[in-house]
Amino acid sequence: MSGFAPLTDEERAVYEWQIWVPEFGEAGQEKLKNASVLISRCGGLGSVVAYELAAAGVGKLVLAHAGNVKPSDLNRQLLMTHDWLGKPRVESAERRLKELNPRLEIVAVPENLSEANAEAIVNQVDLIVDCAPLFPERYAMNRQSVLQQKPLVECAMYDLEAQITTFLPGQTGCLSCLYPDDPPAWKREFPVFGAVSGTVGCMAAMEAIKVIAGFGETLANQLLMFDLRDMTFHRNRIVRRPDCPVCGA
């Protein structure tokens, strides 16, 4: 976003309760207002990330998602509605987000991220939240995150399990450190509950808010993994690989 815009009286009223959060305050809210975030895929994960960031007052969202709404989207993609079946997903997402926050600037890209378009799309934002299911798309975002020095919140889920981390170029490793090769078992379609993708989506939105506003502790250098089948959570340290072809020396 160009320039710096202070909060209006309306925005102070809308965001009053989160402005009370210690270490965040009005200065943090102004940082959100003047920030821009890319959400790659506004499906089960991305719908929740986008909704929470719109509710929190992020000023600009770039949404990248190809295709039209299908019946199987409706169990988890909370920005998609039954009356929008057969119509573009990003249009449904934009419509729902504008109903929540009419002040929000939205750039709706009816494409999935790829090596061909990632540079131009990432160039429009301050931070990336990767909600894409397939690794070629995730690797394209990761590469641009490193090249353009843009923080990347990385999240994924399967069945009742999920994981999340935050990559900060120059300070942490990157997705290619964590997954040097495209995992052969990773599939486009998989078992999923909306409540699981919603859980990690809320976490990803909070990570983005913390990075933008500069408060709290992020998951930099740590991979948080959890299984909602038995409510177990644990963390693994992510080590930057010196020989990483994307972020290594």
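Before reading further, recall that the structure is shown in the block above.
Description of the structure in this document. Predicted model only: the values in this text are computed from it and were never measured.

With that settled, the discussion passes to the nonpolar core. In globular proteins that are soluble, nonpolar side chains generally tend to be buried together. Formed by 46 residues in total, the largest nonpolar core has its most connected members in Val 37, Ile 39, Leu 53, Leu 61, Leu 97 and Val 129. Ranked by residues supplied to this core, first place goes to helix 9 (residues 194-213) with eight residues. In contact with Leu 53, other than residues within four places in its own chain, are Val 37, Ile 39, Val 58, Leu 61, Ala 205, Ala 208 and Ile 209. One finds Ala 118, Leu 175, Tyr 179 and Met 225 within the second-largest nonpolar core, a separate group that totals 22 residues.

The next point concerns the layout of surface pockets. Put simply, the second largest pocket is a space of about 170 Å³. Lining the second largest pocket we find 13 residues, and of these Glu 161, Ala 162, Gln 163, Met 225 and Phe 226 sit closest to its centre. Elements represented by at least two residues in the lining of the second largest pocket include exactly strand 5 (152-158), strand 6 (161-167), strand 7 (222-227) and strand 8 (232-237). For the lining of the second largest pocket, a count of residues per class yields eight nonpolar, three polar and two charged.

Moving on: the packing of helix 4 (residues 44-56) against helix 9. The relative placement of two packed helices comes down to the angle between their axes together with the axis-to-axis distance. The geometry of helix 4 relative to helix 9 is characterised by a closest axis approach of 8 Å and an angle of 45 degrees between their N-to-C directions. In terms of orientation, helix 4 lies oblique with respect to helix 9. The chirality of how helix 4 crosses helix 9 is right-handed. From helix 4, Gly 44, Leu 45, Val 48, Val 49, Glu 52, Leu 53 and Ala 56 reach across to helix 9, where they touch Ser 197, Gly 198, Val 200, Gly 201, Cys 202, Ala 204, Ala 205, Ala 208 and Ile 209. When its residues are assigned to classes, the contact of helix 4 with helix 9 shows 11 nonpolar, four polar and one charged.

Residues other than glycine seldom take positive phi values, yet Gln 149 does so here, at roughly 60 degrees. Among the secondary structure elements, Gln 149 is positioned in the loop between helix 7 (135-148) and strand 5. Phi is positive for Asp 159, which is not a glycine, with a value near 60 degrees. Along the chain, Asp 159 turns up in the loop between strand 5 and strand 6.

The next thing to look at is the pairing of strand 5. Strand 5 sits mainly inside the fold: six of its seven residues count as buried. Pairing between strand 4 (residues 127-130) and strand 5: three bridges, direction parallel. Note that in strand 5 the partner of Val 129 across the bridge is Val 153. For strand 5 and strand 6, the ladder comprises seven bridges, and the chain directions are antiparallel.

Criteria and cut-off values
Residues numbered from 1 in each chain as written. Predicted model: local features only at pLDDT ≥ 70, side-chain atom pairs only at ≥ 80, totals over all residues. Heavy atoms only, no water. Core = buried A, V, L, I, M, F, W, Y, C linked by side-chain atoms within 4.5 Å. Buried < 20%, exposed > 50% of the residue type's maximum accessible area, 1.4 Å probe, protein only. Helix = DSSP H or I, 4+ residues; strand = E, 2+ residues; numbered from the N terminus. Contact = heavy atoms within 4.5 Å. 1 Å grid on protein atoms, 1.4 Å probe; cavity = no way out; pocket = protein on both sides within 12 Å on 5 of 7 lines; lining within 4 Å. Points joined across faces, edges and corners; volume = space filled by probe spheres on them. Nonpolar A, V, L, I, M, F, W, Y, C, P; charged D, E, K, R; others polar. Axes fitted to C-alpha atoms, helices over the stretch in contact; angles between N-to-C directions. Parallel < 35°, antiparallel > 145°, perpendicular 65-115°, else oblique. Left-handed = near helix turned anticlockwise from the far one by under 90°. Pairing = 2+ DSSP bridges.

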